[in-house]
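Examining the three-dimensional arrangement
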Amino acid sequence: MSPPPDLTAVSNGSAPPAGDPTTVMARPESKSRFRITIVGGGAGGTVVAYNLARQLPEGFEADILLIERSGIFGPGVPYLTGNPEHRLNVVTARMSALHDEPDHFLRWMKEREPQAHGDDYVPRGVYGEYLKDLLDAAAASMPRGVRLRRITDEVTSLRITPKSVTVRLKHGADFRSDRVVIATGPLPGGDPVEVPQV
């Protein structure tokens, strides 16, 4: 098997406002297929999967496991709303998920609505559809030898060893991975002011 590509640049690219994914790196284990696990199937995980589809070389034998506990892959919590009044707080022209294609989201919008403009504030749910399309495009364009699997489960722990990372699932069996990308988005915050019980 050829040496693994440098994945640092893949995970450190520009990501949507849901949060930049964090990468846990480990030396690759010697086995027939390289394994990359993405924890979190929302905006951050979707962008990582898309960049892997663009940057992994043809013929590199690898499995990409995208794990999302909700079973909804693509939008994540911030962009799952169906309420059209819930709008992005950044204009369309600045919401591309791809740092090297700053007009990517605007072009996607114009394909759907030719009158779309770069200074529009579109509904968050529309951006969620964009992320779903991005993930579908990633799945359809994986290089030869690379497979993308979407897994509905929850990662409960990671154990890092010198050669791999052991991923523990809530419902599935433990497995070993050569790379793990943590793309779960921001952690939930507490109440800024304690509300007294009435």
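Nothing here was measured: the structure is a model prediction, and the numbers come from that model.

Closest axis-to-axis distance for the helix α2 (residues 43-55)/helix α4 (residues 124-140) pair is 8 Å, and the angle between their directions is 30°. The angle between the axes of α2 and α4 places the two elements in the roughly parallel class. For the pair α2 and α4, the crossing hand works out as left-handed. Every residue of α4 that contacts α2 at Ala43, Thr46, Val47, Ala49, Tyr50 and Ala53 is listed here: Leu131, Leu134, Leu135, Ala137 and Ala138. Looking at the contact of α2 with α4 residue by residue, the classes come out as ten nonpolar, one polar and no charged.

Turning our eyes to something else, we now look at the packing of aromatic side chains. Across all of its chains, the model carries seven aromatic pairs by this definition. Aromatic rings pair up to connect Tyr79, Phe105, Trp108, Tyr127 and Tyr130 into one cluster.

Confidence along the chain averages 84 in pLDDT terms, with 83% of residues attaining 70 or more. Below pLDDT 50 for its whole length, residues 1-30 participates in 77 contacts with residues either more than four positions away or in separate chains.

Here we take up the pairing of strand β2 (residues 34-39). As a general feature of sheets, a regular strand has side chains that alternate between the two faces. In terms of burial, β2 is a largely internal element, five of the six residues being buried. Pairing of β2 with strand β3 (residues 62-67) involves six bridges; the strand directions are parallel. From the neighbouring strand, Val39 faces β3, where its bridge partner is Ile67. Of the crossover connections in this fold, the one passing from β2 over α2 to the parallel β3 is right-handed. Across four bridges, β2 lies against strand β8 (residues 179-182) in parallel orientation. By the bridge assignment, Ile38 is partnered in β8 with Val181.

Now for α2. Side chains three or four residues apart in an α-helix point the same way, a direct result of the helix having 3.6 residues per turn. The end-to-end C-alpha distance of α2, which contains 13 residues, comes to 18 Å, matching closely the 18 Å that a straight helix rising 1.5 Å per residue would cover. Buried residues dominate α2, accounting for eleven of its 13 residues. Every buried residue of α2 is listed here: Ala43, Gly44, Gly45, Thr46, Val47, Val48, Ala49, Tyr50, Asn51, Leu52 and Ala53.

Before going further, it helps to spend a moment on the nonpolar core. Counting 38 residues, the largest nonpolar core has Ile38, Ile64, Phe105 and Tyr127 as the members making the most contacts within it. For this core, the secondary structure elements donating two or more residues are β2, α2, β3, α3 (104-112), α4 and β4 (146-151). Ignoring anything within four residues of it in the chain, the contact list for Ile64 reads Ile36, Ile38, Leu52, Leu56, Met142, Val146, Arg147, Leu148 and Arg149. Listed in part, the ten residues of the second largest apolar core include Leu65, Ile67, Val155 and Val167.

The next thing to look at is the layout of surface pockets. Quantified by volume, the largest pocket comes out at close to 700 Å³. Lining the largest pocket are 30 residues, with Gly40, Glu68, Arg69, Thr184 and Gly185 positioned closest to its centre. Residue assignment for the lining of the largest pocket shows that the elements contributing at least two residues are α2 and β5 (155-160). Sorting elements by how many residues they give to the lining of the largest pocket places β5 first, with four residues. When its residues are assigned to classes, the lining of the largest pocket shows 15 nonpolar, eleven polar and four charged.

About the criteria used
Counting from 1, residues in each chain are numbered in the order their sequence is written. Two thresholds apply to this predicted model, a pLDDT of at least 70 for residue-level local features and 80 or more for giving and counting side-chain atom pairs, whereas whole-chain, interface and lining totals are computed over all residues. Where side-chain values are given, they derive from all heavy atoms of the structure, hydrogens and water being excluded. Interaxial angles span 0 to 180 degrees and are taken between N-to-C directions of axes, which are lines fitted to C-alpha atoms, for helices over the stretch in contact. Numbering of helices and strands starts at the N terminus; helices are DSSP runs of H or I of at least 4 residues and strands are runs of E of at least 2. Any angle between 65 and 115 degrees counts as roughly perpendicular, while under 35 counts as roughly parallel, over 145 as roughly antiparallel, and the rest as oblique. The sense of a crossing depends on the near helix, which, turned anticlockwise from the far helix by less than a right angle, makes the crossing left-handed and, turned clockwise, makes it right-handed. By definition in these notes, contact holds between two residues if any of their heavy atoms fall within 4.5 Å. Think of it as three bins: nonpolar holds Ala, Val, Leu, Ile, Met, Phe, Trp, Tyr, Cys and Pro, charged holds Asp, Glu, Lys and Arg, and polar takes everything else, Gly as well. For Phe, Tyr and Trp, rings pair up if their centres lie within 6.5 Å, where Trp contributes its six-membered ring, and each pair is then called stacked (planes under 30 degrees apart), edge-to-face (over 60) or tilted (otherwise). Confidence of the predictor at the level of single residues is captured by pLDDT, which takes values from 0 to 100. Exposure classes here rest on a 1.4 Å probe applied to the protein chains alone. A residue is buried below 20% of its type maximum, exposed above 50%, and partly exposed in between. Strands qualify as paired when DSSP identifies two bridges or more between them. Think of it like this: strands point away, you trace from the first strand over the helix to the second, and a clockwise trace means the crossover is right-handed. Between the first and last residue of a helix there are one fewer steps than residues, each counted as 1.5 Å, and that sum is the expected span. Residues enter a nonpolar core if they are buried and are Ala, Val, Leu, Ile, Met, Phe, Trp, Tyr or Cys, with the set joined through side-chain atoms within 4.5 Å. In the cavity and pocket records, a cavity denotes points on a 1 Å grid over the protein atoms alone where a 1.4 Å probe fits but cannot get out, a pocket denotes an open set with protein on both sides within 12 Å along at least 5 of 7 lines, and lining residues are residues with an atom within 4 Å of a point. Grid points are joined across faces, edges and corners, and a volume is the space filled by probe spheres set on the points.

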